[in-house]
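Structural overview for review
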Amino acid sequence: DGGITQSPKYLFRKEGQNVTLSCEQNLNHDAMYWYRQDPGQGLRLIYYSQIVNDFQKGDIAEGYSVSREKKESFPLTVTSAQKNPTAFYLCASSHLANTGELFFGEGSRLTVL
Amino acid sequence: AQSVSQHNHHVILSEAASLELGCNYSYGGTVNLFWYVQYPGQHLQLLLKYFSGDPLVKGIKGFEAEFIKSKFSFNLRKPSVQWSDTAEYFCAVNQGGKLIFGQGTELSVKP
C-alpha cells in the first residue's frame, strides 16, 4: 500500500532526552515536511526538504533537527533544547515541492514526562 | 510572510444546516489555496484546491470553496451538512514550496 508511515505512534520521554521520530514514504515524492499540531494553533512547519541531502528550516525549527539521506526517509529529532516538545507531529510529502498538495502520515504523539 | 486566519474555532450545526467556514490570507499576488480535513482518528487529507481559473472550486463530499481575490478570502461551503462531516478543517496557502496553515476550525454536526 502506498503512503506515508510514521513511527512510533505514541512516544513518551523524560525531560533532557533526545528522541527521533521516523517518517518513511513509498510514493516516490521529492518533497517531505514535518509539522507540529497543537490545539488551537493549527499546523506549524518545523522543517522541510525538497531534495535529498538538502532541507530548510520552517517557522519553528528551534530545538529540532532533521536529515534527508534518502529520498524516502525524513526523520525528525526532538532535542532536549526544545522547550515544549509535547505535541502531535505530522509528516507529509508531495510530488512536486511547489504544488502544496500534501499527503500526510497518521502522526506521532510525543509526551514528555 | 504569509499568514492564514480562520475566524471560527468551533462550529456546531445540526444536520441539514448550511455551512460556511471563513478563511483569509494575508499576502497578495498569485496564490494556491487549499482546504484540508481531519476526520476523528484519521490522517489529514485534501478536501479541495484552487490554483487558477474558475474561482468557485468543488471538492469531495459536496464541499465547495470560493476564491475572492479582492477580499483575500477562500471560504469553504456546504449546502447541507451531515453527521459524518464532523471533523477539523484547515485552510492553507502555498508560499514558495511551503504550505502555511490556519489555526483550524472544529466542526461538530449534531444528528
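So, here's what we can say about the structure. Not measured: the values here are computed from a predicted model.

Calculation rules
- Residues numbered from 1 in each chain as written.
- Chains lettered and ligands numbered in written order.
- Predicted model: local features only at pLDDT ≥ 70, side-chain atom pairs only at ≥ 80, totals over all residues.
- Heavy atoms only, no water.
- Helix = DSSP H or I, 4+ residues; strand = E, 2+ residues; numbered from the N terminus.
- Contact = heavy atoms within 4.5 Å.
- Phe/Tyr/Trp six-rings, centres within 6.5 Å; stacked < 30°, edge-to-face > 60°.
- Buried < 20%, exposed > 50% of the residue type's maximum accessible area, 1.4 Å probe, protein only.
- Buried area = accessible area lost by both parts, 1.4 Å probe.
- Salt bridge = Lys/Arg side-chain N within 4 Å of Asp/Glu carboxyl O.

1. Overview of the environment of G105(A)
Along the chain, the position of G105(A) falls in the loop between strand 10 (103-104) and strand 11 (108-112). Separated by 101 residues in sequence, G105(A) and I4(A) have C-alpha atoms that sit 4.9 Å apart. Residues in contact with G105(A), not counting those within four places in the same chain, are I4(A), Q6(A), L90(A), C91(A) and H43(B).

2. Structural notes on the packing of aromatic side chains
Residue and element names in this part refer to chain B. According to the stated counting rule, one finds 17 aromatic pairs over all chains in the structure shown. When the centroid spacing of 6.5 Å and the interplanar angle of 25 degrees are considered together, the rings of Y25 and F67 count as stacked. Placement of Y25 in strand 4 (residues 24-25) and of F67 in strand 8 (residues 64-68) is noted, with a sequence separation of 42 residues between them. For Y25, a relative accessible area of 5% corresponds to the buried category. Assessed through its relative accessible area of 12%, F67 is described here as buried.

3. Describing the interface of chain A and chain B
With 22 residues of chain A at the contact, the number on the chain B side is 20 residues. Contact between chain A and chain B buries roughly 1,600 Å² in total, counting both sides, with carbon and sulfur atoms accounting for 53%. When the buried area of chain A at its contact with chain B is split by residue, L43(A), E101(A) and F104(A) rank highest and sum to 29% of it. Taken together, the links from chain A to chain B amount to one salt bridge. Of the charged contacts in the structure, one is a salt bridge between K49(B) and E101(A), with a shortest N-O distance of 2.9 Å.

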